[in-house]
Amino acid sequence: MALKTLIIGACGQIGTELTLSLREKYGKDNVIAVDIREGNEELMQSGPFETADATDYKAIEDLVMHYEIDEIYLMAAMLSATAEKFPMRGWHLNMDSLFNVLNLAKDKKVSKVFWPSSIAVFGPSTPQDQTPQTTIMEPTTVYGISKQSGERWCEYYHKKYGVDVRSIRYPGLISYKTAPGGGTTDYAIEIFHEALASKKYTSFLSEETALPMMFMDDAIKATMQLMDAPAENLSIRSSYNLGGISFTPKQLAEEIKKEIADFSIDYAPDFRQDIAETWPSSIDDTFAQKDWKWKHDFDLQKMTKAMLRGLKKQA
Ligand code: AKB
């Protein structure tokens, strides 16, 4: 029988592309998209959709039983910048939704869970260059605290109850199909929209702020690779470091200028600069390489060309 998958938060930035890719792989009727609001046309027309709140255990359990779900991807979350504005709402959404899926797996209602962590688990006391898998982690944002706590709980549920939970610490993700919502790394997407619309962009991060980033195709590939890996190969049950590209707003602007010669950028750092300064500038992902053969495809140049091509096609 085909594997049945539930994607919670399916209409968000990662959820949309993950749902489309999983539907291609497993068949559209085997991948159930769930969100509190409807998604874009491509997503809505690609297969079954259900409305539910990720924090509502009963609603999620009903869907799991109704569709006889094997695996859950929990992609619903409040990101770093928004969670600083609504700390309690961020904590409640990020933690309650995680406990819901971990408890469904603990009670053997599903057999495997994917949950996204983030580079936000690191903090100002973490080594910033080539940040190792295991290191000092003292996050200073609500989002980072929720992700770090979530990682501890994932490992706990795995060790204590044998839950097969898998996770990645995503860097900033760059995509054109669905807009991100409320992240510190969002400038790296906005810049492309503005480059095409008005040929100029004001960055809310300063020119020399380097952050770990990744094109969405690589992030989806990593997620599917990790979920397909044999359980015995996985040495990390908190969350895997994942490396991709690392660049500053200035470096990204220079790359865009190669494609749009009269593009210009200026800088007006806001509160997101303070968040970015606490995060790594690049990531060491040796464990992902060793355990499930991770290797990224998109460098800065390839990603820039893919973004401009994708956005132009969509216009
Ligand atoms: C954010 O900026 O909050 C996210 C993340 C790095 O997890 N993109």
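Computed from a prediction, not measured in an experiment: that's the story for all the values here.

S.K.: Whenever I open this one, the site of the ligand confuses me. Can you help?
M.R.: The environment of the ligand is formed by Leu79, Ser80, Ser118, Ile119, Tyr143, Gly183, Thr184, Thr185 and Trp279. One of the side-chain N or O atoms of Ser80 is found 2.6 Å from an oxygen atom in the ligand. In the environment of the ligand, an oxygen atom lies 2.7 Å from a nitrogen or oxygen atom belonging to the backbone of Thr184. Contact with the protein chains hides 93% of the accessible area of the ligand, taken as 260 Å² for the molecule alone. Judged by its atoms lying within 2 Å of the grid points, the ligand is housed in the largest pocket. A per-class count over the shell around the ligand returns four nonpolar, five polar and no charged.

S.K.: I would appreciate a short explanation of the sheet that holds strand β5 (residues 112-118) in the present structure.
M.R.: The strands that make up a sheet pair up through hydrogen bonds in the backbone, lying either parallel or antiparallel. What the seven strands build is an open sheet, ordered β3-β2-β1-β4-β5-β6-β10; its pairing is parallel. Every other strand in the sheet has two partners, leaving β3 (49-51) and β10 (240-241) as the edge strands with one partner each. Contacting β1 (5-8), β2 (31-35), β3 and β4 (71-74), helix α3 (residues 57-67) runs over the sheet at an angle of about 155 degrees to β1. Where helix α6 (residues 142-161) meets the sheet, it contacts β5 and β6 (165-170), and its direction lies at approximately 150 degrees from that of β5.

S.K.: What am I meant to see in the pattern of salt bridges here?
M.R.: Any two side chains of opposite charge can pair, so long as their charged atoms come close to each other. Scanning all chains against the criterion turns up 18 salt bridges. Lys221 is the salt-bridge partner of Asp297, the closest N and O atoms lying 3.1 Å from each other. Placement of Asp297 in the loop between α11 (286-292) and α12 (300-314) and of Lys221 in helix α8 (residues 216-228) is noted, with a sequence separation of 76 residues between them. Each member of the salt-bridge network shares a partner with another, and the members are Arg152, Glu155 and Lys159.

S.K.: Please clarify how the nonpolar core should be interpreted in this entry.
M.R.: In terms of nonpolar packing, the biggest core is built from 41 residues, with Ile174, Tyr187, Phe192, Phe247, Leu252, Phe263 and Met303 touching the most fellow members. Secondary structure elements with two or more residues in this core: α6, α7 (187-197), β9 (211-215), β11 (245-247), α9 (249-259), α10 (271-276) and α12. Among all residues touching Tyr187, those that are not within four sequence positions of it are Tyr201, Ser203, Phe204, Leu205, Met213, Phe247, Thr248, Pro249 and Leu252. Core analysis: the next-biggest nonpolar cluster, separate from the first, contains 32 residues, Ile7, Ile14, Val31 and Ala222 among them.

S.K.: Help me out: how do you make sense of unusual backbone geometry in this one?
M.R.: Both trends apply: most residues other than glycine have a negative phi, and most peptide bonds are in trans. A positive phi angle is found at Glu68, which is not glycine, with a value near 50 degrees. Summarising the element assignment, Glu68 is placed in the loop between α3 and β4. Its relative accessible area of 53% is what places Glu68 among the exposed residues. Positive phi outside glycine occurs at Gln130, with the angle close to 50 degrees.

S.K.: Hey, could you run me through the sheet that holds β9 in this one?
M.R.: Taken in spatial order, the three strands line up as β7-β9-β11 in an open sheet, and their pairing is mixed. Strand pairing shows two members of the sheet lacking a second neighbour, β7 (172-174) and β11, which therefore form its edges. On average, adjacent strands in this sheet sit at an angle of 40 degrees to one another, irrespective of strand direction.

S.K.: Would you mind going over the layout of surface pockets with me for this structure?
M.R.: Summary: where empty space remains is shown by rolling a probe the size of a single water molecule over the atoms. One number sums up the size of the largest pocket: a volume of about 970 Å³. Lining of the largest pocket is provided by 47 residues; of these, Met75, Ala76, Ala77, Met78 and Leu79 occupy positions nearest its centre. Within the residue set of the lining of the largest pocket, elements represented by two or more residues are α1 (13-26), β2, α4 (80-85), α5 (87-106), β5, α6 and β7. Grouping the amino acids of the lining of the largest pocket by side-chain chemistry returns 23 nonpolar, 18 polar and six charged.

S.K.: Looking at this structure, how should I read the pairing of β4?
M.R.: Side-chain direction in a regular strand flips from residue to residue, so the side chains alternate between the two faces of the sheet. Burial along β4 is two-sided: Glu71 and Tyr73 facing one way and Ile72 and Leu74 facing the other are all buried. Inspection of the sheet shows β1 paired to β4 by four bridges, in the parallel sense. The partner of Thr5 across the bridge, within β4, is Glu71. Bridge count between β4 and β5: three bridges; the pairing is parallel. When the sheet's bridge partners are listed, Ile72 is paired in β5 with Val113.

Criteria and thresholds
Residues numbered from 1 in each chain as written. Predicted model: local features only at pLDDT ≥ 70, side-chain atom pairs only at ≥ 80, totals over all residues. Heavy atoms only, no water. Near = heavy atom within 4 Å. Polar contact = N/O pair within 3.5 Å; in protein donor to acceptor, adjacent residues only side chain to side chain. Areas by Shrake-Rupley, 256 points an atom, 1.4 Å probe, with all protein chains shown as cover. 1 Å grid on protein atoms, 1.4 Å probe; cavity = no way out; pocket = protein on both sides within 12 Å on 5 of 7 lines; lining within 4 Å. Sits in = over half its atoms within 2 Å of the grid points. Nonpolar A, V, L, I, M, F, W, Y, C, P; charged D, E, K, R; others polar. Pairing = 2+ DSSP bridges. Helix = DSSP H or I, 4+ residues; strand = E, 2+ residues; numbered from the N terminus. Contact = heavy atoms within 4.5 Å. Axes fitted to C-alpha atoms, helices over the stretch in contact; angles between N-to-C directions. Salt bridge = Lys/Arg side-chain N within 4 Å of Asp/Glu carboxyl O. Core = buried A, V, L, I, M, F, W, Y, C linked by side-chain atoms within 4.5 Å. Buried < 20%, exposed > 50% of the residue type's maximum accessible area, 1.4 Å probe, protein only. Points joined across faces, edges and corners; volume = space filled by probe spheres on them.

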